[in-house]
Amino acid sequence: MEFSIKQGSPDKLRSGCCVIGVFENGKLSEQGQQLDRAAGHRLSDLIARGDMTGKNATTLMVPQMEGISAERVLLIGLGKQAEISAKSYLEALKAMSRALQQTVSKDAAVCLQDIEVPECSEEWKIRHCILSISESAYRPDQLKSKPATPGTLKKITLITAGKPGVAMQRAVTQAAAIATGVDLCRELGDLPGNICTPTYLAARALALGKTHKTIKTTVLEESHMRKLGMGAFLSVTKGTEQPAKLISLEYQGAEKSQKPVVLVGKGITFDSGGVSLKPGAEMDEMKYDMSGAASVLGTIQAIAEMGLKLNVVGVIPSCENLPSGSATKPGDIVTSMSGQTIEVLNTDAEGRLILCDALTFSAKFKPDTVIDIATLTGACVIALGNVASGLYSNQDALAQDLLAAANFTHDKAWQMPLWDDYQPQLESNFADMQNIGGRAGGSITAACFLARFTKAYRWAHLDIAGTAWKSGKDKGATGRPVPLLTQYLISRAAQ
Ligand code: BES
Ligand code: MN
Ligand code: ZN
């Protein structure tokens, strides 16, 4: 989809659909009033009759009216003007995005940018408008023999009364780039394990390097990992016939001398649990266990599209976790790349095993900051549900920066403790540590495990087990936390 912003007068815009806001007292927005005058007050007549109450997030599609160049007008309820908030505005945008998908319009002119939303910048409104429309346009039907009828909407123009400045133009470019990153993340997440294998992820990473000359992709094979001493990572892939891959994507947006932010994404393309087999119910959802990897690819694509002036490296350890005669067994002891030994008491706690080696490996990029993103623990879903990702960091300033990005994007995160008090739960009689810490504080002890491998740099960990996909009727990838990560990087580049 194409997005742009320009100054315009709503009645004269030639478009498939013109989107206008209405408040709950029946008052049209400024741009709406302009349109209403041109249409001989047909809109205010409809409102007076009660066809549209202006209640927040309600919609009314009005067909062609004389005096207006647009083929149809979509009225969006914004609620009471005095009560409008970031949350209510986002709900209205969502309703608009859904309604736009129901029309046959090829393009739309959206006049909601000039609505005052307390504490929300022009940039914020642009970002959420574009991401909301793009999110509604996503269809996970690429593997249906007859894909559902594609949305017709191709071109969105945000219309402002005044001339939009360079900052607003840049906000459009950035939002459109993030939308492509979210799309990529969702597409990869929704792909089944028989298609989205480690080899497939590597191919997509290499393709990103082909499209963008700012990205250099490298794929390491198992033989190379063996030489590096990645005994923890390799122990997870022992039960499968699919070769494991260690993917690096180096995005250079700033001078070579600038230390990069390294994003490490868990790329388990299917997690059966291994010999510690998971129960059968909903096991299919473990195709999403590569969502951290998908978010890294989506974020790297987004920043490459917007040409962000920052150096960023993506590191993706990817393999399958399956049981077989050659698989790792509970009780096996492995040596990680860091030299620390690990007793594998549960082969289903595999994410931390591939991540610990990827985190040690990441030091080679001389990082300024390392952030790992992983569908790491069911315990995180118990703690935070499907609303917030779990955030851990060994530096509070970094946690605060990530939380600020989470708040701006409404891609929520909540900081969890990383106190040493939890470390004894990982002690083993036979190795330097064991890979599980018992039922109590399961998301925290997983983070504490990773903390043993990240002492050399500033580090944060996002447990996205509850936020990367939705279950049930609306099963599908969410694209989170691409908005959060990209916003964090945008803020970093602006510093
Ligand atoms: N990929 C899972 C975590 C997960 C489970 C994410 C359910 C989303 C929904 C991870 O590899 C795992 O199996 N973790 C175990 C750890 C346990 C054995 C200590 C878990 O959470 O049960
Ligand atoms: Mn597991
Ligand atoms: Zn897993």
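As a convention, each chain's residues are numbered from 1 in the sequence order in which they are written. Throughout, the order in which chains and ligands are written sets their labels, letters from A for the former and numbers from 1 for the latter. Predicted model: local features are reported for residues with pLDDT of at least 70 only, side-chain atom pairs are reported and counted for 80 or more only, and whole-chain, interface and lining totals are derived from all residues. Only heavy atoms go into the side-chain values, all of them from the structure, while hydrogens and water stay out.

1. Let's talk about the coordination of the zinc ion (ligand 3)
Point 1. Only nitrogen, oxygen and sulfur atoms qualify as donors, provided they sit within 2.8 Å of the metal or within 3.2 Å for Na, K and Ca; with water excluded from the atoms, sites may seem incomplete. Coordination of the zinc ion (ligand 3) by the protein involves Lys266 (NZ), Asp271 (OD), Asp289 (OD) and Glu350 (OE), with metal-donor separations of 2.0 to 2.4 Å.
Point 2. Between consecutive donor residues of the zinc ion (ligand 3), the sequence gaps follow K-x4-D-x17-D-x60-E.
Point 3. Separating the zinc ion (ligand 3) from the manganese ion (ligand 2) is a gap of 3.2 Å, which Asp271 spans by donating to each of them. Taken together, the positions of Asp271 in strand β10 (residues 267-271) and Glu350 in the loop between β13 (341-343) and α10 (351-362) put the pair 79 residues apart, joining distant regions of the chain. Pair check on accessibility: Asp271 and Glu350 agree, each one buried. The helix and strand labels rest on DSSP assignments: H or I over at least four residues marks a helix, E over at least two residues marks a strand, and numbering proceeds from the N terminus. Only protein chains enter the accessibility calculation, which uses a 1.4 Å probe. A residue is then buried if its area is under 20% of the maximum for its type, exposed if over 50%, and partly exposed in between.

2. A closer look at the nonpolar core
Point 1. Definition used in this section: a nonpolar core is a set of buried Ala, Val, Leu, Ile, Met, Phe, Trp, Tyr and Cys residues joined via side-chain atoms within 4.5 Å. Membership of the largest hydrophobic core comes to 60 residues, with the highest contact counts inside it found for Leu263, Leu297, Ile371, Leu462 and Leu489.
Point 2. Residues are treated as being in contact if the distance between any of their heavy atoms lies within 4.5 Å. Sequence-distant contacts of Ile371, defined by excluding residues within four places in its chain, comprise Val261, Val262, Leu263, Val264, Leu402, Ala460, Leu462, Leu485 and Tyr488.
Point 3. One finds Val262, Val315, Ile342 and Leu353 within the second-largest nonpolar core, a separate group that totals 46 residues.

3. Describing the sheet that holds strand β4 (residues 72-77)
The strands making up a sheet are joined through hydrogen bonds of the backbone, oriented either antiparallel or parallel.
Point 1. In space, the six strands of this open sheet follow the order β1-β6-β5-β2-β4-β3, with mixed pairing throughout. Unpaired on one side and paired on the other, β1 (2-7) and β3 (59-63) mark the two borders of the sheet. For this sheet, the mean angle separating the axes of adjacent strands, direction not counted, is 25°.
Point 2. The pairing of β3 with β4 spans five bridges and is antiparallel. Its bridge partner lying in β4, Met61 is registered against Leu74.
Point 3. This element, helix α1 (residues 30-38), spans β2 (17-22), β4, β5 (107-111) and β6 (155-160) of the sheet and lies at about 120° to β2. Strand pairing is assigned whenever DSSP detects at least two bridges linking the two strands. Working convention: axes come from line fits to C-alpha atoms, limited for helices to the stretch in contact. Angles between N-to-C directions cover 0 to 180 degrees.

4. Focus on the packing of aromatic side chains
Point 1. Between the rings of Phe, Tyr and Trp (Trp by its six-membered ring), a pair exists once the centres lie within 6.5 Å; its type follows the angle of the planes, with under 30 degrees stacked, over 60 edge-to-face, and the other angles tilted. All chains considered together, the criterion is met by five aromatic pairs.
Point 2. Geometrically, the ring pair formed by Tyr89 and Trp124 is tilted, given 6.1 Å between the ring centres and 35° between the ring planes. Highlighted residues: Tyr89 in helix α3 (residues 86-102) and Trp124 in helix α4 (residues 122-137), separated in sequence by 35 residues. The pair formed by Tyr89 and Trp124 is uniform in burial state, with each residue classed as buried.
Point 3. Consider the rings of Phe449 and Phe453, whose centres lie 5.4 Å apart with planes at 35°: the pair is tilted. Accessibility assignment for this pair places Phe449 and Phe453 in one class, buried.

5. Description of the coordination of the manganese ion (ligand 2)
Point 1. For the manganese ion (ligand 2), every protein donor is listed as Asp271 (OD), Asp348 (O), Asp348 (OD) and Glu350 (OE), and the spread of their distances is 2.0 to 2.2 Å.
Point 2. Just to be clear on the cut-offs, tetrahedral is four donors with all angles between 85 and 135 degrees, square planar is four donors and octahedral six with opposite donors over 155 degrees apart and all others between 65 and 115, and anything else goes down as irregular. Angles of 71 to 167° at the metal separate the six donor atoms of the manganese ion (ligand 2), which places the site in the irregular class.
Point 3. Written as a sequence motif, the donor arrangement for the manganese ion (ligand 2) is D-x76-D-x1-E.
Point 4. Classification of Asp271 by relative accessible area gives buried; the value is 2%.
Point 5. Glu350 gets classed as buried once you look at its relative accessible area, which sits at 1%.

6. A short note on the domain arrangement of the protein
Point 1. An automatic or database domain assignment supplies the residue ranges for each domain. Domain boundaries in the protein define domain 1 (2-159) and domain 2 (178-494).
Point 2. Put simply, the middle of domain 1 and the middle of domain 2, counted by C-alpha atoms, are 38 Å apart.
Point 3. Counting residues at the interface gives 14 residues for domain 1 and 14 residues for domain 2.
Point 4. Taking both partners together, domain 1 and domain 2 bury about 1,300 Å²; carbon and sulfur atoms supply 61% of that area.
Point 5. By salt bridge we mean one thing: a side-chain nitrogen of Lys or Arg within 4 Å of a carboxyl oxygen of Asp or Glu. Applying the counting rule to domain 1 against domain 2 returns zero salt bridges.
Point 6. Polar contacts here mean pairs of N or O atoms no more than 3.5 Å apart (in protein, one a potential hydrogen donor and the other a potential acceptor; neighbouring residues in sequence count only if both atoms are side-chain atoms). Linking domain 1 with domain 2 are seven residue pairs in polar contact (both at pLDDT 80 or more). By buried area we mean the combined loss of accessible area, with a 1.4 Å probe, across both parts when two parts are placed together.

7. Looking at α10
Point 1. The span one expects for a helix is its residue count, reduced by one, times 1.5 Å. The terminal C-alpha atoms of α10, which comprises 12 residues, lie 16 Å apart, in line with the 16 Å expected from a rise of 1.5 Å per residue.
Point 2. With respect to burial, α10 is a largely interior element, 11 of its 12 residues being buried.

8. Observations regarding the site of ligand 1
Point 1. Nearness is defined per residue: one heavy atom within 4 Å of the molecule or strand is enough. Inspection of the region around ligand 1 gives 16 residues, with Lys278, Asp289, Asp348, Glu350 and Gly378 positioned closest.
Point 2. Residue Asp271 places a side-chain N or O atom 2.9 Å away from an oxygen atom belonging to ligand 1.
Point 3. Between an oxygen atom of ligand 1 and a side-chain N or O atom of Glu350, the distance comes to 2.8 Å.
Point 4. Only the protein chains shown count as cover for residues, and the accessible areas themselves come from Shrake-Rupley with a 1.4 Å probe. A total of 510 Å² of accessible area belongs to ligand 1 in isolation, and the protein chains cover 77% of it.
Point 5. Grouping the constituent residues of the shell around ligand 1 by class yields five nonpolar, four polar and seven charged. Note on residue classes: Ala, Val, Leu, Ile, Met, Phe, Trp, Tyr, Cys and Pro are nonpolar, Asp, Glu, Lys and Arg are charged, and everything else, Gly too, is polar.

9. Some thoughts on the sheet that holds strand β17 (residues 433-434)
Point 1. Within the open sheet, the three strands sit side by side as β12-β13-β17. Their pairing is mixed. Both outer strands of the open sheet, β12 (333-335) and β17, are each paired with one neighbouring strand and no more.
Point 2. Looking at chain direction, β13 and β17 are connected through two bridges and run parallel. Within the sheet, the bridge partner assigned to Ile342 lies in β17 and is Met433.

10. Here we look at the pattern of salt bridges
Point 1. Evaluation of the coordinates by the stated rule reveals 19 salt bridges.
Point 2. Between Arg72 and Glu71 there is a salt bridge, and its shortest N-O distance comes to 3.6 Å.
Point 3. For Arg72, a relative accessible area of 18% corresponds to the buried category.
Point 4. Looking at Glu71, the relative accessible area reads 43%, which means it is partly exposed.
Point 5. Residues Glu250 and Lys216 are paired through a salt bridge, measuring 3.6 Å at the closest nitrogen-oxygen approach. On the criterion of sequence distance, the pair formed by Glu250 in strand β8 (residues 245-252) and Lys216 in strand β7 (residues 215-220) is long-range, its members being 34 residues apart.
Point 6. Under the relative-accessibility criterion, Glu250 is labelled partly exposed at 26%.
Point 7. Through salt bridges with shared partners, one network takes in Lys266, Asp289 and Glu350.

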